[in-house]
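# Inside the fold
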Amino acid sequence: QIEVLEGELAWLVYIVGAVVGARGTSRSSEEHELLDGDLCAKVFQTIKWIELRQSLPNGTASATLQRLELALLYVFQYFRKAYIGEQSNVTSTNLYTRLAERVGITDHVTVM
């Protein structure tokens, strides 16, 4: 049962990565930044789930948990390109405001 949910969660995390990546380095509206902030906050919260699962017996051997970790890396890759790196053209004050409200992340240094 847990493996099925982890597999579904991995697909949802990949979708979030695709949404964030689709905006890429283009200018986005305040509404898009707030949406990205909400979606990324949910993704960042899954890190707690992964840490919990890894502490259980056979947690690190779970194939679905490994897929979920790969999905997180996918999101982080596009998040970095859109909101952190030198290539980012987006002023992300609204994004970090939303992340601060949801998960306590206030800037790009905290994300890294």
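Here's what I pulled together on the structure shown here. Keep in mind the model is a prediction, meaning the values are calculated, not measured.

## Describing the packing of helix 1 (residues 2-23) against helix 3 (residues 63-83)
Packing of helix 1 against helix 3 leaves a shortest axis separation of 8 Å and a crossing angle of 15°. Taken together, the axis directions place helix 1 and helix 3 in an arrangement best described as roughly parallel. Remark: the crossing between helix 1 and helix 3 carries left-handed chirality. For the contact of helix 1 with helix 3, the class distribution of residues is 18 nonpolar, four polar and three charged.

## Focus: the environment of I50
With respect to the helices and strands, the residue I50 is situated in helix 2 (residues 30-55). Note: C-alpha distance between I50 and L68 (18 residues apart in sequence) is 8.1 Å. Residues within four places of I50 in sequence aside, it is in contact with L65, L68, E69 and L72.

## A look at the packing of aromatic side chains
Summed over all chains, the structure comprises five aromatic pairs. Ring centres of W11 and Y14 lie 6.1 Å apart, and the angle between their planes is 50°; on these two criteria the pair is classed as tilted. Placement of the pair is W11 and Y14 together in helix 1, with a separation of three residues, close to one helical turn. Judged by its relative accessible area of 63%, W11 falls in the exposed class. Take Y14: its relative accessible area is 29%, and that puts it in the partly exposed class. Here the aromatic rings of F44 and F79 are separated by 5.7 Å at their centres, their planes lie at 80°, and the arrangement is edge-to-face. With F44 in helix 2 and F79 in helix 3, this residue pair connects regions lying 35 residues apart in the sequence. Residue F79 is classed as buried on the basis of its relative accessible area, which comes to 1%.

## Quick word on the nonpolar core
With 22 residues, the main nonpolar core has V13, F79, Y83, Y96 and L99 as its most contacted residues. For L99, the residues in contact, after removing those within four places along its chain, are G37, C40, A41, F44, F79, G104 and I105.

## Observations concerning the pattern of salt bridges
Scanning the entire structure with this criterion turns up five salt bridges. The residue R53 makes a salt bridge to E6 at a minimum N-O spacing of 2.4 Å. You can see R53 sitting in helix 2 and its partner E6 sitting in helix 1, a full 47 residues away along the chain. We note that R53, like E6, is buried.

The rules behind these values
Residues numbered from 1 in each chain as written. Predicted model: local features only at pLDDT ≥ 70, side-chain atom pairs only at ≥ 80, totals over all residues. Heavy atoms only, no water. Axes fitted to C-alpha atoms, helices over the stretch in contact; angles between N-to-C directions. Helix = DSSP H or I, 4+ residues; strand = E, 2+ residues; numbered from the N terminus. Parallel < 35°, antiparallel > 145°, perpendicular 65-115°, else oblique. Left-handed = near helix turned anticlockwise from the far one by under 90°. Nonpolar A, V, L, I, M, F, W, Y, C, P; charged D, E, K, R; others polar. Contact = heavy atoms within 4.5 Å. Phe/Tyr/Trp six-rings, centres within 6.5 Å; stacked < 30°, edge-to-face > 60°. Buried < 20%, exposed > 50% of the residue type's maximum accessible area, 1.4 Å probe, protein only. Core = buried A, V, L, I, M, F, W, Y, C linked by side-chain atoms within 4.5 Å. Salt bridge = Lys/Arg side-chain N within 4 Å of Asp/Glu carboxyl O.

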